[in-house]
Amino acid sequence: MDPSVSQMLRGRKGSCGHTCNLYVWTLRSCGIPIAVDYVPYWGNRGMGHSWNVLILEDDRIFPFDPFGEKRAVMPYKPAKVFRRMYSTNGRPEDAPSDKDVPSYLLMPNVKDVTAEYVKTFDVTLECDEVQPRRKNKYAVICVFDKVSWKPIYWGKIRGNKVSFENMAGDVCYLAAYYNDNGELIPLTNPFILTEDGNIKKMGNEITEKQSITISRKYPKFPRMDVLARKLVASTIEGSNTREFTNVDTLMRINTPPIDVNDSILCSHKKYQYVRCNIPRHRTGDLAEIVFYGKISKEAPEVRLQGEIIGCPLPDNKNTMPFFMAMDGNYETYFVKTKGNDGYVGLDLGKGNEHYITRVQFCPRSDTNFIIIGNTYELCYWAHDRWISLGQKTANSHELVFDEVPKGQLYILHNLTNGSEERPFTYENGKQVWW
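Residues numbered from 1 in each chain as written. Predicted model: local features only at pLDDT ≥ 70, side-chain atom pairs only at ≥ 80, totals over all residues. Heavy atoms only, no water.

Some points on the overall build of the protein chain
Then, number 1: When you go through the protein chain residue by residue, the secondary structure sums to 3 helices and 30 strands.
Then, number 2: Its C-alpha atoms give the protein chain principal-axis dimensions of roughly 85 × 65 × 35 Å.
Then, number 3: For the protein chain, buried positions account for 49% of its 434 residues.
Then, number 4: Summarising the internal contacts of the protein chain: among those between residues at least 6 apart in sequence, 65% fall at separations of at least 24.
Then, number 5: For the protein chain, the accessible area works out to roughly 22500 Å², and carbon and sulfur atoms hold 49% of it.
Then, number 6: Within the protein chain, one finds 55 positive and 52 negative side-chain charges whose respective centroids are separated by 3 Å. (Helix = DSSP H or I, 4+ residues; strand = E, 2+ residues; numbered from the N terminus. Buried < 20%, exposed > 50% of the residue type's maximum accessible area, 1.4 Å probe, protein only. Contact = heavy atoms within 4.5 Å. Areas by Shrake-Rupley, 256 points an atom, 1.4 Å probe, with all protein chains shown as cover. Lys, Arg positive; Asp, Glu negative; His and termini not counted. Charge placed at Lys NZ, Arg CZ, Asp CG, Glu CD.)

Quick notes on the pattern of salt bridges
Then, number 1: The final tally for this structure, using the stated rule, is 18 salt bridges.
Then, number 2: Asp248 is the partner of Lys269 in a salt bridge, and the nearest nitrogen-oxygen pair spans 3.1 Å. With Lys269 in the loop between strand E17 (261–264) and strand E18 (273–278) and Asp248 in strand E16 (residues 247–252), the pair connects residues that are 21 residues apart, well separated along the chain.
Then, number 3: Owing to a relative accessible area of 41%, Lys269 belongs among the partly exposed residues under this scheme.
Then, number 4: Residue Asp248 is classed as partly exposed on the basis of its relative accessible area of 27%.
Then, number 5: The salt bridge involving Asp285 is made with Arg364; its shortest N-O contact spans 2.9 Å. One end of the pair, Asp285, is in strand E19 (residues 284–294); the other, Arg364, is in the loop between strand E24 (355–363) and strand E25 (375–382), with 79 residues separating them in the sequence.
Then, number 6: Each of Arg216, Lys220, Asp259 and Asp366 takes part in salt bridges that share partners, so that together they form one network. (Salt bridge = Lys/Arg side-chain N within 4 Å of Asp/Glu carboxyl O.)

Quick look at unusual backbone geometry
Then, number 1: A cis geometry characterises the amide bond from Cys311 onward to Pro312, with omega recorded as 0°.
Then, number 2: Take Pro312: it is sitting in the loop between strand E21 (307–311) and strand E22 (334–335).
Then, number 3: Positive phi outside glycine occurs at Asp259, with the angle close to 50°.
Then, number 4: In this structure, Glu403 is a non-glycine residue whose phi angle is positive, near 55°.
Then, number 5: In this fold, Glu403 is placed in strand E27 (residues 399–405).
Then, number 6: A residue is classified by how much of its surface remains accessible, and Glu403, at 56% relative accessible area, is exposed.

Here's what the structure looks like:
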């Protein structure tokens, strides 16, 4: 049940849908025409989103996000955009029933407004020949959510062809139908509707194989760059005083780091203390940092060990203290308050000074890069399911799979940890996300 206006005002928080409703109730009471537009599922990531839209003269619209003040900008790819209407649209005579498609696709007060946001295309394609003959007249078109295909619209089956209207381009879809047991049965292999309206079919007959190199299981979205920028201007420093009164700067982070970063350092003297010092105007958001060094110029490089030091000191208000950047867990991170000093590092111990040779660090992130020690499984889609191409335990931040069928839709599962994953194709040596 949606919260009331009084509950929203008292709680001062809510989901995107709840906040949209608050704007609608408020502005409509003032005579301002406003509606809620939404995507049930994005075309290139899981879940969906709602936002408000002002209805202007001449059927123009001004969409805005309830959490911001500016015109709404699509953060991800929409496949379908709908508008919640005050009135009902009526039910077309040839519309399916909720036995044919999910009831949320048949709401009478919802209007398809995809064409008001992006270029759309009508899609007609042949059903997969491996499917048995059907008596079904209606199909659904799906996008991939976190772990499965989710219907976002319905269409008609005529003979061996299925059609859908007003679909957004640059999205990967799957056509399917519901059998008598309510199971979603694919009608086609996945296909990409390109930006210019062409259909690129996946799951073609396998004639070639290739080796592919994988660096992530989920696309990296701009939000991760925002987090990474919080480390810019941080410095790697060495000192022989615990207070770092006499300090040498060994490296400066000048650009937003990406996933796990490995930087070679060259120190001309040995240090007892080494740290990552975060500038006062930054919060840090440092997930992990590891220092390497040599006891002598001729000695082999080793991972440095010692007492973890840092500031600010942990207290009840600081739930993400400095030692979380050295706990071996990419999902925890060190954050400090802007305007305060903050650092994390090591005291190597008196008599154990080292030359600092390398630093490996990772900003706060979605942890969807390849993690050393985790086990992964690569799959490709064939007919009506994901087919395994084998499992590998990562010994670097990249995975290489050989003998991979070319021109397919793939997905990478992390069998050790994590839930976010996304289908991709492999083009010109790179993962392309859908």
